[in-house]
Structures are given as C-alpha cells and as structure tokens.
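Geometric and topological summary
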Amino acid sequence: MIIAGNRVSAAPEHPTAPADDAKATIGSPDGALGGGWRSSTDVVVASSADTDGFHVYLARERDAFRFERLATLTDSANATGSWTGHACLTGSGRYVVAVYAPASYTNRPALMEAGGTAVVIDVARGRSTRSRITSSSPTTTRPAARPTR
C-alpha cells in the first residue's frame, strides 16, 4: 500500500543529448511539418517503464518532435522490480498527469484497486507534485462499479 508519507522521487531530469542514432526527430521538418512548425506550441507526451522507474518523455513540434525525458518517477518504499504506468498531457499542455506503480501490484487486487501513485508534472519546470489520493493501478481495465439504488 502506498502511504501519503512515503517519499516519491520525481525530480526534474536535465536531459542529456541522446546518442546520435537515438534522436527521434522528423527528418526534413519543413516538408513534413509545414511552414509554421518552428513557432508551434504542439506537444506530445510518451512514457515507458523498466526497473529504474516510470519514465515520462516530452516532444515539441518546434524541436521537430525530438523526445526528451521530462521525469523518472519511482517510490523509494517500493523500489523493486519493474514499474508500470500511464501518462497524459492536459488540454492546456502545461501539465502531465501520471499514474504509476510497481508492476507487481497488478497481481494483488487490493493494490490494483488503489495502489497507484498519481502525480502532476509541470511541463515548464519538470517538477512533479504528488496527489494526496491514491488511484487505481494504471493497468486496471475493470469497469467502474455501477451505483446501487
């Protein structure tokens, strides 16, 4: 169970330049993206998870959609094994909301129902704020219960 007092590591990462062969940019952006790509405010978010944590990446059209790591989320109290999660960009493009948990939580119903950690990441600063609530684990696909009358 994740308790509100547990320390969550989501410090902003200062992205290092990826290896030349790992740069995910669009070749010939003038042709592929159109004339206004350099002044575009469009942003894309992606995520991945491994034993180091739940990683959130951001790409901006003005950078020809080159992905850079925005944050790596982990919980020191549960820092064993692989992680899982989901992330989405808010409509304003100012924040990323992420829910993440150790992948092992998917094997325990109580943790799958309310074991995920929810954070809001400020895109401009790369800083995250942990939600005061727990949420369902990110891999939960069970529909919400219907209200009883």
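Residues numbered from 1 in each chain as written. Predicted model: local features only at pLDDT ≥ 70, side-chain atom pairs only at ≥ 80, totals over all residues. Heavy atoms only, no water.

1. As for the nonpolar core
Counting 14 residues, the largest nonpolar core has F54, V56, L73, V96, Y100, V119 and I121 as the members making the most contacts within it. For this core, the elements supplying multiple residues, two or more each, are β3 (53-60), β4 (68-75), β6 (95-102) and β7 (116-122). Sequence-distant contacts of I121, defined by excluding residues within four places in its chain, comprise V56, L70, A71, L73, R94, Y95, V96, G126, R127 and S128. Among the nonpolar cores identified, the runner-up in size contains five residues, and W37, A59, A64 and F65 belong to it. (Core = buried A, V, L, I, M, F, W, Y, C linked by side-chain atoms within 4.5 Å. Buried < 20%, exposed > 50% of the residue type's maximum accessible area, 1.4 Å probe, protein only. Helix = DSSP H or I, 4+ residues; strand = E, 2+ residues; numbered from the N terminus. Contact = heavy atoms within 4.5 Å.)

2. Regarding the environment of S92
As for its position among the elements, S92 is in the loop between β5 (83-89) and β6. For S92, a relative accessible area of 52% translates into the label exposed. Here R94 takes part through its backbone nitrogen, which lies 3.2 Å from a polar atom of the side chain of S92. (Polar contact = N/O pair within 3.5 Å; in protein donor to acceptor, adjacent residues only side chain to side chain.)

3. Observations concerning the side chain of E61
Topologically, E61 is positioned in the loop between β3 and β4. Buried charged residue E61 carries no salt bridge. Nearest counter-charge: R62, at 10 Å. Within the structure, E61 has its side chain in polar contact with the side chain of S40 (distance 2.6 Å). With near-sequence residues (within four places) excluded, E61 lies in contact with L33, W37, S40 and D42. (Lys, Arg positive; Asp, Glu negative; His and termini not counted. Salt bridge = Lys/Arg side-chain N within 4 Å of Asp/Glu carboxyl O.)

4. A closer look at the packing of aromatic side chains
Scanning the entire structure with this criterion turns up two aromatic pairs. Ring plane angle 0 degrees and centroid distance 6.3 Å describe the contact between F54 and Y100, whose orientation is recorded as stacked. Of the two residues, F54 is situated in strand β3 and Y100 in strand β6; the sequence distance between them amounts to 46 residues. By relative accessible area, F54 is classed as buried at 1%. Judged by its relative accessible area of 1%, Y100 falls in the buried class. Within the aromatic cluster, the residues linked to one another by ring pairs are F54, W83 and Y100. (Phe/Tyr/Trp six-rings, centres within 6.5 Å; stacked < 30°, edge-to-face > 60°.)

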